[in-house]
Amino acid sequence: LLAAGGVTTALLWDQVGPLLGLTADSPAAPFLQDGDAAFALGTVDGYDDAVREYTRASAIAPEEPGVYASIARAEVYWAQMLAFQADDIDARLAAARAALNAATDEDATDNDEDEEPETEPTPADPALVGEAARIRAELQRHAERGKENAETALGLNDGHGPAEVAFASASRLLGDNEAAQ
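In this report, we go over the structure that sits alongside the text. Values in this document were obtained by computation on a predicted structure and should not be read as measured data. (Residues numbered from 1 in each chain as written. Predicted model: local features only at pLDDT ≥ 70, side-chain atom pairs only at ≥ 80, totals over all residues. Heavy atoms only, no water.)

### Comments concerning the packing of aromatic side chains
In the structure shown here, the tally under the stated rule is 2 aromatic pairs. On the basis of an interplanar angle of 65° and a centroid distance of 4.8 Å, the ring pair of Phe39 and Tyr77 is categorised as edge-to-face. Residue Phe39 is located in helix 3 (residues 29–39), and its partner Tyr77 is located in helix 5 (residues 65–110); the two are separated by 38 residues in the primary sequence. Here the aromatic residues Phe39, Tyr47 and Tyr77 are joined through ring pairs into a cluster of three or more. Above the face of the Phe39 ring, Arg73 is positioned so that its terminal group lies 4.1 Å from the ring centre. (Phe/Tyr/Trp six-rings, centres within 6.5 Å; stacked < 30°, edge-to-face > 60°. Helix = DSSP H or I, 4+ residues; strand = E, 2+ residues; numbered from the N terminus. Lys NZ or Arg CZ within 6 Å of the ring centre and 35° of its normal.)

### A look at the packing of helix 3 against helix 4 (residues 44–60)
Put simply, helix 3 and helix 4 touch, their axes get as near as 7 Å, and they point 165° apart. On the basis of the axis angle, helix 3 is roughly antiparallel to helix 4. The two elements helix 3 and helix 4 meet at a crossing, and its hand is left-handed. Two secondary-structure elements touch here, helix 3 through Phe31, Leu32, Asp34, Gly35, Asp36, Ala38 and Phe39 and helix 4 through Gly46, Tyr47, Asp49, Ala50, Glu53, Tyr54, Arg56, Ala57 and Ile60. Taken together, the residues of the contact of helix 3 with helix 4 break down into 9 nonpolar, 2 polar and 5 charged. (Axes fitted to C-alpha atoms, helices over the stretch in contact; angles between N-to-C directions. Parallel < 35°, antiparallel > 145°, perpendicular 65-115°, else oblique. Left-handed = near helix turned anticlockwise from the far one by under 90°. Contact = heavy atoms within 4.5 Å. Nonpolar A, V, L, I, M, F, W, Y, C, P; charged D, E, K, R; others polar.)

### A closer look at helix 4
Side chains of residues three or four places apart in an α-helix project in the same direction, reflecting 3.6 residues per turn. For helix 4, built from 17 residues, the straight-helix expectation of 24 Å at 1.5 Å per residue is met to within 8% by its first-to-last C-alpha distance of 25 Å. All of the buried residues along helix 4 are Gly46, Tyr47, Ala50, Val51, Glu53, Tyr54, Ala57 and Ser58. (Expected span 1.5 Å × (residues − 1). Buried < 20%, exposed > 50% of the residue type's maximum accessible area, 1.4 Å probe, protein only.)

### Section: the packing of helix 6 (residues 126–156) against helix 7 (residues 161–173)
The interhelical angle for the contact between helix 6 and helix 7, taken along N-to-C directions, is 150°, at an axis separation of 8 Å. Accordingly, the angle class assigned to the pair helix 6 and helix 7 is roughly antiparallel. Relative to helix 7, helix 6 is oriented so that their crossing is left-handed. The residues of helix 7 that touch helix 6, namely those facing Leu139, Ala143, Gly146, Lys147, Ala150, Glu151, Ala153 and Leu154, are Ala163, Glu164, Ala166, Phe167, Ala170, Ser171 and Leu173. In terms of residue class, the contact of helix 6 with helix 7 is made up of 10 nonpolar, 2 polar and 3 charged.

### Some details on the side chain of Ser26
Mapped onto the elements, Ser26 comes out in the loop between helix 2 (13–19) and helix 3. Separated by 3.1 Å, the side chains of Ser26 and Glu64 make a polar contact. (Polar contact = N/O pair within 3.5 Å; in protein donor to acceptor, adjacent residues only side chain to side chain.)

Nothing here speaks to function; it is geometry throughout.
Next up, the structure:
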């Protein structure tokens, strides 16, 4: 679904560009089009390339809010993808904990009631816990960058629709539901 939106944006640039406040004759347009094509891939590499192209556009057209809204959008989608990955790992950890607890409970019923279990169960796979922490830190960085770029766009054009959406999404990902509304 996320990638489909990016593909649509890339294919319909003539209609989407003006919504971002950009026209085909803008000096930033080629970089934004390249960024949109990369964004449409919906992958880490695609988001990375999109941010790079959008950042180039911001150097050429620093007063165009659509440029910063595009950076914000790519950063937010990247952060959302990472949130899905972290949630997946959390679900795997929860399933492992539940299985471990069930096995521990079963062992406890097999022992005499006065006996303590021989060993304490390990809470989770340390590698998965570390990977989840790394992903969440990266998610935080991308969401913060998205929010900063959305704020820049809104500073240039208060009420810029795509920037407002990116700002709300970044705020939600950062756990600031009040700002997201």
